[in-house]
Amino acid sequence: MARPAGGAIVGAAETTKLGVIKDQSALELHAEAARLAVADAGLTLNDIDGLATAGLPVITVSHHLGMRPRYLDGTYIGGGSFLLHLRHAVAAIQSGLCETVLITHGASNRSRIGRPPRITDPASPPGQFEQPYGAFTPPTLFPIGVLRYMKKYGLTHEQLASVAVAQRMWASKVPRAMFRDPITVDDVLASRMVAYPMHLLECCLVTDGGGAVVVTSADRAGAGSFPKPPVFVLGAGEACETSMVSTMRDLTTSRAFVDASTAAFAEARLGPPDVNHLMVYDAFAHLPVYALEDCGFVERGQAGAFIADGHTRPGGTLPMNTNGGGLSYTHTGLYGIFLLLEAVRQVRGEAAAQVPNVNVSMVQGVGGMFEAAGTVILGSHDAYTG
Amino acid sequence: MTTRTATSLQAKPAPTPTPETAEYWQAAARGELRLPYCGVCEQYVFYPRAACPTCWSTELTWTTMSGRGRLHSYLISHIAAPGFEEDVPYAIAIVELEEGPRLMSSVRGIAQTPEALVLDMPLVVDFEPRGDVMLPVFRPGPVDDRG
C-alpha cells in the first residue's frame, strides 16, 4: 500500500566533541551541529528555510546562524522536543509552509557555558506541591513510581540494574561513548545510591554536546539527490499527561508513552513486531522498562525479565539503545536528538555498533519526567515504499 | 533570585499560594487538609484549581479530608535539595488519601530507610511550618479497620 507523502531525514550530525567541552558555549554547540548536519545533506545555509529548536530560543539560534527562516518551531516539552519538531516539520513541509527544516540541539549541561538557569517558580504547581518536599532535580522526581512498579509487578533490583548492564554492552562497541568498560549487575548495585532505589549507574550522564538533523519531503529525498541514504519518517506521535510526575494517573505506566506510540504505529501502519531497532530515552534505568510495556513490545510486568534475559543486548531479538544510551553514551539534558541520530545511523548502516538490516527503527522520547512523550518511526527506502 | 553561597544554610523552599490554591494553604494553617470536590464526577481534585479537569464544572466544593492515607510510593534522596543539606538521606513520598487523591509529601516520625518505609503502610496528616505557610506532611498512623 502506498504511503501518504511524508518526510525524510537527509542530513544528520553530532558535534565534533561530546562529553566535556570547555571551549564551546551551548549556542555554539547548536551552531556547529547545524553546520555539520547541513553539510552532511550536501546543502548550504541558503537551502534551509525552516528552523526548529529547543533549549535556547529559536530566534537566538536563527540569528546566530544568519538564517532567515519562513517556518519556526520552538516547541518545548523537555528532552523529547526534537521528536515533536520532526513530526511538525514533516507536516509543515507537506502543507507547503517550507521545504527544508533544520532541527538543532546544543547544551553545555556539564560545563555550564551559556546555559540558561533552571528555576522553579514557587507559585507554579511543582513550586507549591513538589519542591517544598525536597524534590528539585530529575533524580529526586523521575523515579518516584519505581517502588510502586516493583511491588505491583515484582521487578527486582537486579533486573533494573540489568538495563544499565545491557546498555554498557552496546557502549563498549561505540568509540564516542563516554563510558565503555563492561559492568555487571553487582557493579551497578554496588555503585553509590543517588535516590533509592536508583544507584549511580542507573542514572544518566551529565554531558555537553549537540546534534542536528535536516528534514525535507520524502519525494525530494527519494529522488536520490542527497549524499547519504535518506531515512524516511513512517509515522510519529506526540502526547502529554501531567505537569508533575507526582500526579501521574498511574505511577506504573506513562499515558503519554501509550498515546504517542499508538499514534505513531497507526500512522506507520506498523506494530511492535515490525520494529528491528529501538531507541528509548533513558534518563534513568526504569524508562526502558516502562516504554517496552507502554509501547506494546512486551506484556505488562514483563519488561524487567525481557531486558535481564538479554533480548535488548547485542545479538538480542530487539536491539535497544545501541549507542549505549543516556546511561553510557551521552546525556546533555535534552537527549532526544541523540536518539534520532543513532536511529538514523542504524537505518543508514553506518552505526558504530551496527545492527544487521535495520529497516524500521522506532524512537521513543520522553518530555520532562513522564510529563509528555514523542514517538517517531523511521525507515529505509524499502520500508517506506514497501 | 538571591545569590547564595554554597556554605550558608539555606531556607527550605516555601510555596507561594495562588488565588486558586489559597484555601488549601489557609486550611493547612488551621490544621486541615482540604481539597475541592466535583459533585458531577464524584471525585476530589488535586492539585486545587477552579474547574474539574474531567468535566470542567466550576461547581466545586471545598471539603475537609479525613487526613488518613497510605504510602503509595517513594524514593530516598541521597542528594540534598537547597535547604535540605542536614536532612539527607530523606524520603520523598507519594501518599494516597483514603478519599482517592494522591499527593507528594514527606513522612515524619520514622526512619528514612527502605526497611522502615513499607508501601501501603497507613499514614495520617500532620502540618509543619514552612515560610509563611503550614505544609502538609504525614506520620505513621493507626491501622484503620477498613483495610
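Residues numbered from 1 in each chain as written. Chains lettered and ligands numbered in written order. Predicted model: local features only at pLDDT ≥ 70, side-chain atom pairs only at ≥ 80, totals over all residues. Heavy atoms only, no water.

1. Considering the overall build of chain A
Thought 1: Along chain A, the regular secondary structure elements total 14 helices and eleven strands.
Thought 2: Its C-alpha atoms give chain A a radius of gyration of 19 Å, near enough to 21 Å, the size a compact globule of 386 residues would have.
Thought 3: Projected onto the principal axes, the alpha-carbon positions of chain A cover approximately 55 × 45 × 40 Å.
Thought 4: A total of 386 residues make up chain A; the buried ones form 63% of that total.
Thought 5: Sequence-distant contacts, at least 24 apart, represent 73% of the contacts inside chain A between residues at least 6 apart.
Thought 6: Total accessible area on chain A is roughly 13,200 Å²; 54% of this is exposed by carbon and sulfur atoms.
Thought 7: The centroid of the 28 positive side-chain charges in chain A is displaced by 3 Å from the centroid of its 33 negative side-chain charges. (Helix = DSSP H or I, 4+ residues; strand = E, 2+ residues; numbered from the N terminus. Rg over C-alpha atoms; globule rule 2.2 N^0.38 Å. Buried < 20%, exposed > 50% of the residue type's maximum accessible area, 1.4 Å probe, protein only. Contact = heavy atoms within 4.5 Å. Areas by Shrake-Rupley, 256 points an atom, 1.4 Å probe, with all protein chains shown as cover. Lys, Arg positive; Asp, Glu negative; His and termini not counted. Charge placed at Lys NZ, Arg CZ, Asp CG, Glu CD.)

2. A few points about the packing of aromatic side chains
Thought 1: Applying the stated criterion across every chain, the model contains 18 aromatic pairs over all chains.
Thought 2: Aromatic pair Phe-129 of chain A and Tyr-24 of chain B: ring centres 5.3 Å apart, planes at 75°, arrangement edge-to-face. You can see Phe-129 of chain A sitting in helix H4 (residues 125-129) and its partner Tyr-24 of chain B sitting in helix H1 (residues 22-29), one on each of two chains.
Thought 3: Relative to Phe-46 of chain B, the ring of Phe-129 of chain A lies with its centre 5.2 Å away and its plane at 75°, an arrangement referred to as edge-to-face. In this pair, Phe-129 of chain A sits in helix H4 while Phe-46 of chain B sits in the loop between strand E2 (43-44) and strand E3 (60-64), so the two residues belong to two different chains. Residue Phe-129 of chain A shares its accessibility class with Phe-46 of chain B, and that shared class is buried.
Thought 4: Taken together through their ring pairs, the aromatic side chains of Phe-142, Tyr-149, Tyr-153, Phe-257, Phe-284, Tyr-290 and Phe-370 of chain A make up a single cluster. (Phe/Tyr/Trp six-rings, centres within 6.5 Å; stacked < 30°, edge-to-face > 60°.)

3. Brief notes about the UniProt feature "domain: ChsH2 C-terminal OB-fold" (unreviewed entry) in chain B
Thought 1: Under the UniProt annotation, the feature "domain: ChsH2 C-terminal OB-fold" (unreviewed entry) is placed at residues 62-127 of chain B.
Thought 2: Secondary structure content for residues 62-127 of chain B is 0% helix and 47% strand, and the end C-alpha separation is 19 Å. (UniProt positions renumbered as here; feature names shortened; annotations may be inferred.)

4. Section: the sheet that holds strand E1 (residues 34-38) of chain B
Residue and element names in this part refer to chain B.
Thought 1: The three strands lie next to each other as E2-E1-E3, forming an open sheet whose pairing is antiparallel. Strand pairing shows two members of the sheet lacking a second neighbour, E2 and E3, which therefore form its edges.
Thought 2: In this sheet, E3 lies alongside E1 in antiparallel orientation, the contact comprising five bridges. Its bridge partner lying in E3, Leu-35 is registered against Thr-63.
Thought 3: Strands E1 and E3 of the sheet are contacted by H1, whose axis makes an angle of about 135° with E1. (Pairing = 2+ DSSP bridges. Axes fitted to C-alpha atoms, helices over the stretch in contact; angles between N-to-C directions.)

5. Digging into the pairing of strand E7 (residues 208-217) of chain A
Residue and element names in this part refer to chain A.
Thought 1: Counting buried residues along E7, ten of its ten residues qualify, which places the element largely inside the surrounding structure.
Thought 2: Both strand E1 (residues 7-14) and E7 contribute to a ladder of seven bridges, which runs antiparallel. Across the sheet, Ala-8 pairs through a bridge with Thr-216, a residue of E7.
Thought 3: The pairing of strand E4 (residues 101-108) with E7 spans eight bridges and is antiparallel. Among the inter-strand pairings, Leu-102 is bridged to a residue of E7, identified as Val-214.

6. Regarding the interface of chain A and chain B
Thought 1: Between chain A and chain B, the contact holds 36 residues from the first and 40 residues from the second.
Thought 2: Carbon and sulfur atoms make up 66% of the surface buried where chain A meets chain B, a total of about 3,100 Å² over both sides.
Thought 3: For chain A, the biggest contributors to the area lost against chain B are Phe-129, Tyr-133 and Tyr-196 of chain A; these three give 25% of the whole.
Thought 4: The interface formed by chain A and chain B includes two salt bridges.
Thought 5: Here Arg-148 of chain A and Asp-120 of chain B are joined by a salt bridge, their closest N and O atoms 2.7 Å apart.
Thought 6: Applying the counting criterion to the chain A and chain B interface returns 15 residue pairs in polar contact (both at pLDDT 80 or more).
Thought 7: If you list the elements that add at least two residues to the side of chain A that touches chain B, you get H4, helix H5 (146-153) and strand E5 (193-196) of chain A. (Buried area = accessible area lost by both parts, 1.4 Å probe. Salt bridge = Lys/Arg side-chain N within 4 Å of Asp/Glu carboxyl O. Polar contact = N/O pair within 3.5 Å; in protein donor to acceptor, adjacent residues only side chain to side chain.)

7. A few points about the sheet that holds E4 of chain A
All names here are of chain A.
Thought 1: The nine strands are arranged E3-E2-E4-E7-E1-E8-E11-E10-E9 in an open sheet whose pairing can be described as mixed. The sheet is open, and its two edges are formed by strand E3 (71-73) and strand E9 (277-280), each paired on a single side. For this sheet, the mean angle separating the axes of adjacent strands, direction not counted, is 25°.
Thought 2: Relative to the sheet, helix H2 (residues 58-65) contacts strand E2 (50-53), E3 and E4, its axis offset from that of E2 by approximately 130°.
Thought 3: Helix H10 (residues 286-294) rests against E9 and strand E10 (360-367) of the sheet, and its axis sits at about 125° to E9.

8. Digging into the confidence of the model for chain B
Segments scoring low in pLDDT should not have their predicted coordinates read at a detailed level.
Thought 1: In the predicted model, chain B carries a mean pLDDT of 92, and the fraction of residues at 70 or more is 90%.
Thought 2: In the model, residues 1-7 of chain B has pLDDT below 50 throughout and makes three contacts with residues more than four positions away in sequence or in other chains. (pLDDT = per-residue confidence, 0-100.)

9. As for the pattern of salt bridges
All names here are of chain A.
Thought 1: For the structure shown, the criterion picks out 27 salt bridges over all chains.
Thought 2: Linking Lys-152 and Asp-250 is a salt bridge whose minimum nitrogen-to-oxygen distance equals 3.8 Å. You can see Lys-152 sitting in helix H5 and its partner Asp-250 sitting in the loop between strand E8 (231-240) and helix H9 (255-268), a full 98 residues away along the chain.
Thought 3: Using a relative accessible area of 47% as the deciding quantity, one classes Lys-152 as partly exposed.
Thought 4: Connected through salt bridges with shared partners, the residues Glu-14, Arg-176, Glu-342 and Arg-345 form a single ionic network.

10. Notes on the UniProt feature "domain: Thiolase C-terminal" (unreviewed entry) in chain A
Thought 1: In the numbering used here, UniProt assigns the "domain: Thiolase C-terminal" (unreviewed entry) feature to residues 237-379 of chain A.
Thought 2: A distance of 15 Å separates the end C-alpha atoms of residues 237-379 of chain A, which is 32% helix and 17% strand.

11. Quick look at the pairing of E4 of chain A
Consecutive side chains along a regular strand alternate between the two faces of the sheet.
Residue and element names in this part refer to chain A.
Thought 1: Across the eight residues that make up E4, a large majority, eight, are buried.
Thought 2: Covered by surrounding structure in E4 are Val-101, Ile-103, His-105 and Ala-107 together with Leu-102, Thr-104, Gly-106 and Ser-108, the residues of both alternating faces.
Thought 3: Two strands pair when backbone bridges link them, and E2 and E4 are joined in this way by four bridges, in the parallel orientation. Across the sheet, the residue bridging to Thr-53 is Thr-104, located in E4.

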